[in-house]
Amino acid sequence: QVQLVESGGGLVQAGGSLRLSCTASGSILSIRDMGWYRQAPGRQRDMVATITSDGITTYTDSAKGRFTVFRDNAKKMVYLQMNSLKPEDTAVYYCNAVLRFTTWGQFRGYWGQGTQVTVSS
């Protein structure tokens, strides 16, 4: 029904930058919230940044001032620009979208497969 595909992960040195992209595809009527979460080995999955359909953003404290989330509603895409990366940012980053397929359907959250971000010191 829906696919979320992330791209843009990789290996970068501390202080470097990466931009993650996520595309939603399928018979989607509307997307409410989109965002990025991350999970480091042995830890739970935590929110990094989210953005509503109106462009209201939320960031975890460690991302404020370094990361920027933005979206293209027409293309059903969300991005995460990550600057000044630190080794502690190393994790698998997952895209999340809260969406529905019909006007009478409920909004539900969906996940991408994840993309690895590794920051070397």
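Everything here concerns the structure above.
Residues numbered from 1 in each chain as written. Predicted model: local features only at pLDDT ≥ 70, side-chain atom pairs only at ≥ 80, totals over all residues. Heavy atoms only, no water.

Visitor: I'd love a proper account of the overall build of the protein, names of residues and values included.
Guide: Counting its secondary structure elements, the protein contains 0 helices and 11 strands. Since a compact globule built from 121 residues should have a radius of gyration of about 14 Å, the 14 Å found for the protein is in line with a globular shape. Seen through its principal axes, the protein has C-alpha atoms that stretch 50 × 25 × 25 Å. Sequence-distant contacts in the protein: of pairs separated by 6 or more residues, those separated by 24 or more amount to 56%. Here the protein has roughly 6,500 Å² of accessible surface; of this, 47% comes from carbon and sulfur atoms. One finds the centroid of the 13 positive side-chain charges in the protein at a distance of 4 Å from the centroid of its 8 negative side-chain charges. (Helix = DSSP H or I, 4+ residues; strand = E, 2+ residues; numbered from the N terminus. Rg over C-alpha atoms; globule rule 2.2 N^0.38 Å. Contact = heavy atoms within 4.5 Å. Areas by Shrake-Rupley, 256 points an atom, 1.4 Å probe, with all protein chains shown as cover. Lys, Arg positive; Asp, Glu negative; His and termini not counted. Charge placed at Lys NZ, Arg CZ, Asp CG, Glu CD.)

Visitor: Can you break down the sheet that holds strand 1 (residues 2–7) residue by residue, with the values?
Guide: As summarised here, the arrangement of the 4 strands in space is 1-3-8-7, forming an open sheet in which the pairing is antiparallel. Taken across any chain shown, the strands that pair with only one partner, and hence form the sheet edges, are strand 1 and strand 7 (67–72). Averaged over all adjacent pairs, the angle separating strand axes in this sheet is 15 degrees, with direction ignored. (Pairing = 2+ DSSP bridges. Axes fitted to C-alpha atoms, helices over the stretch in contact; angles between N-to-C directions.)

Visitor: Could you give an account of the nonpolar core, naming the residues involved and the relevant values?
Guide: Trp36, Leu80, Met82 and Tyr93 are the most contacted members of the largest nonpolar core, which totals 30 residues. If you list the elements that add at least two residues to this core, you get strand 1, strand 3 (18–26), strand 4 (30–39), strand 5 (46–51), strand 7, strand 8 (77–82), strand 9 (91–100) and strand 11 (115–120). Per-element accounting of this core gives the leading share, 5 residues, to strand 9. (Core = buried A, V, L, I, M, F, W, Y, C linked by side-chain atoms within 4.5 Å. Buried < 20%, exposed > 50% of the residue type's maximum accessible area, 1.4 Å probe, protein only.)

Visitor: Can you tell me about the environment of serine 121, naming the residues and giving the values?
Guide: If you trace the backbone, serine 121 turns up in the segment after strand 11. You can call serine 121 exposed: its relative accessible area is 88%. For serine 121 and tyrosine 37, which are 84 residues apart along the polypeptide, the C-alpha to C-alpha distance reads 22 Å. Those residues in contact with serine 121 that sit more than four places away from it in its chain are Ala14 and Pro87.

Visitor: Which residues make up the packing of aromatic side chains, and what are the values?
Guide: On inspection of all chains with the given rule, the structure shows 4 aromatic pairs. Taken together, Tyr37, Tyr94 and Trp111 form an aromatic cluster joined through their ring pairs. Positioned over the ring face of phenylalanine 107 is arginine 32, at 5.0 Å from the centre of the ring. Here the guanidinium or amino end of arginine 45 rests over the ring plane of tryptophan 111, the centre of that ring lying 4.5 Å away. (Phe/Tyr/Trp six-rings, centres within 6.5 Å; stacked < 30°, edge-to-face > 60°. Lys NZ or Arg CZ within 6 Å of the ring centre and 35° of its normal.)

Visitor: Describe in detail the state of the cysteines, supporting the description with residues and values.
Guide: What is meant by a disulfide is a covalent connection between two cysteines, made through their sulfur atoms. Counting across every chain of the model gives 1 disulfide. The disulfide partner of cysteine 22 is cysteine 95, and the gap between their sulfur atoms is 2.1 Å. Residues cysteine 22 and cysteine 95 share a disulfide whose torsion about the S-S bond is about -80 degrees; that sign makes it left-handed. With cysteine 22 in strand 3 and cysteine 95 in strand 9, this residue pair connects regions lying 73 residues apart in the sequence. Taking relative accessible area as the criterion, cysteine 22 reaches 0% and is therefore assigned buried. (Disulfide = S-S within 2.5 Å.)

Purely geometric numbers; function is a separate question.
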